[in-house]
Amino acid sequence: MIKISQLSMITATVILSSSSFAELSFEQELQQGCSKVKQYAQTGKKFYDQKQYAQAAKQFEDQAAWAQFCQMNAEESGIKVTDREIEIANNNVGLSYAKLGKPQWARVWFLKDKDSKTSQYNLKQLPKPKVSTDLQGTYVRANGFGQWDYIKVSKKQNKYQVAFDGYYFGIRGLIYGPNMGQFETTMPITAKQTSYRYEDCQIKLQFVNDAQNGQKIEVEQKDGESSCGFGHNVYAGGTYYKVENK
């Protein structure tokens, strides 16, 4: 990224040339990444068939991330990716996690395409989620390009420590990286809700037991003009499902 304040003595011609180089670099990285989507799928299937499910999940996650990214940047990538191909990739990740004995991770991947018949079928094959009185664990919400926002809950003395890590992926975010945002708050062990404030921003968190999809946190954000101290377009509101107990 060009910092104009540091390059005020450089001519406009040089700045334009640098800009053109940056665009070319993005296109090259995009095309290289998109050219590997089928390879990720094939390698993932190979590992899955060999019952190496952790390696399969990693390949399918890369397939899902790049398939969506390449679809969003189709004009520059020159590669067409259908919604069905993304759905298949998401379900392949979910199936790999199911085989790894991580049904809640499998569930959130299937829920990415919850209205599809394939995902609905796979969701029905998962064991009924276990509901615990202990709220500790990792909760996630789907973000762009196969990524996740996280809320991690841990216990310290007579309180829960609640930490949010969120991201915003712009249309080029898988290559250039996301904007980020974090906050931390606490909650009494006996409580089911807490909140976070920053200037005129208020975020409310409600812990809920969902018989169908397991433990979750419903997050409501009212950010006013402050953006909660997050990076541009980072937003905490939404539903986060528990995927790990610690």
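Residues numbered from 1 in each chain as written. Predicted model: local features only at pLDDT ≥ 70, side-chain atom pairs only at ≥ 80, totals over all residues. Heavy atoms only, no water.

1. Considerations on the overall build of the chain
Scanning the chain from N- to C-terminus turns up eight helices and eight strands. Referenced to the eigenvectors of the C-alpha coordinate spread, the extents of the chain come out at roughly 65 × 50 × 30 Å. A buried classification covers 41% of the 246 residues belonging to the chain. Here the analysis covers contacts within the chain between residues at least 6 apart in sequence; of these, 56% occur between residues at least 24 apart. Here the chain displays about 14200 Å² of accessible surface, and carbon together with sulfur accounts for 50% of that area. One way to put it: in the chain the 31 positive side-chain charges average out to a point 10 Å from where the 25 negative ones average out. (Helix = DSSP H or I, 4+ residues; strand = E, 2+ residues; numbered from the N terminus. Buried < 20%, exposed > 50% of the residue type's maximum accessible area, 1.4 Å probe, protein only. Contact = heavy atoms within 4.5 Å. Areas by Shrake-Rupley, 256 points an atom, 1.4 Å probe, with all protein chains shown as cover. Lys, Arg positive; Asp, Glu negative; His and termini not counted. Charge placed at Lys NZ, Arg CZ, Asp CG, Glu CD.)

2. Section: the sheet that holds strand S8 (residues 238–244)
Spatially, S4-S3-S2-S1-S8-S7-S6-S5 is the arrangement adopted by the eight strands of the open sheet, whose pairing is antiparallel. For this open sheet the edge positions go to strand S4 (179–188) and strand S5 (193–198), each flanked by a neighbour on one side alone. Recorded for the sheet is a direction-independent mean angle of 25° between the axes of neighbouring strands. In this sheet, strand S2 (residues 148–156) lies alongside strand S1 (residues 137–142) in antiparallel orientation, the contact comprising six bridges. The partner of Val 140 across the bridge, within S2, is Tyr 150. Against the sheet, helix H6 (residues 103–111) engages S1, S2, strand S7 (214–222) and S8, with an angle of about 150° to S8. (Pairing = 2+ DSSP bridges. Axes fitted to C-alpha atoms, helices over the stretch in contact; angles between N-to-C directions.)

3. Here we look at the pairing of S5
Consecutive side chains along a regular strand alternate between the two faces of the sheet. Pairing analysis gives six bridges linking S5 to strand S6 (residues 201–210), with the strands arranged antiparallel. Each residue of the ladder has a partner; that of Tyr 196, found in S6, is Ile 203. Counting the residues between successive antiparallel strands, the hairpin from S5 to S6 contains two residues, one of them, Glu 199, with a positive phi of roughly 50°.

4. Overview of the side chain of Gln 63
Locating Gln 63 in the fold gives a position in helix H3 (residues 53–72). A relative accessible area of 8% means that Gln 63 is categorised as buried.

5. Some thoughts on the layout of surface pockets
Here the largest pocket is characterised by a volume of approximately 410 Å³. Around the largest pocket, the lining comprises 20 residues; the ones closest to its centre are Pro 103, Gln 104, Lys 130, Val 243 and Asn 245. Looking at the lining of the largest pocket, the elements that each hand over two or more residues are H6, S7 and S8. Among the elements that take part in the lining of the largest pocket, H6 stands out by supplying four residues, more than any other. Within the lining of the largest pocket, the residues separate by chemical class into six nonpolar, seven polar and seven charged. (1 Å grid on protein atoms, 1.4 Å probe; cavity = no way out; pocket = protein on both sides within 12 Å on 5 of 7 lines; lining within 4 Å. Points joined across faces, edges and corners; volume = space filled by probe spheres on them. Nonpolar A, V, L, I, M, F, W, Y, C, P; charged D, E, K, R; others polar.)

6. Quick look at the confidence of the model for the chain
With 90% of its residues at a pLDDT of at least 70, the chain reaches an overall mean of 89. For the stretch residues 1–20, pLDDT sits under 50, and the model shows seven contacts to residues farther than four places along the chain or on other chains. (pLDDT = per-residue confidence, 0-100.)

7. Section: the pattern of salt bridges
Within this structure, the stated rule accounts for eight salt bridges. In this structure, Lys 216 engages Glu 218 in a salt bridge whose closest nitrogen and oxygen atoms are separated by 3.3 Å. A salt bridge links Glu 220 to Lys 222, with the shortest nitrogen-to-oxygen separation between them at 3.8 Å. Among the charged side chains, a network of salt bridges with common partners joins Asp 210, Lys 216 and Glu 218. (Salt bridge = Lys/Arg side-chain N within 4 Å of Asp/Glu carboxyl O.)

8. Regarding the state of the cysteines
Taken as a whole and assessed by the stated rule, the structure comprises two disulfides. Linked covalently through their sulfurs, Cys 201 and Cys 228 form a disulfide whose S-S length is 1.9 Å. Taking the sign of the torsion about the S-S bond as the criterion, the disulfide between Cys 201 and Cys 228, at about 85°, is right-handed. With Cys 201 in strand S6 and Cys 228 in the loop between S7 and S8, this pair connects stretches of sequence that are 27 residues apart. Relative accessible area serves as the criterion here: at 1%, Cys 201 is assigned to the buried category. Each bonded cysteine of the chain is numbered by sequence order, and under that numbering the disulfide pairs are 1-2, 3-4. (Disulfide = S-S within 2.5 Å.)

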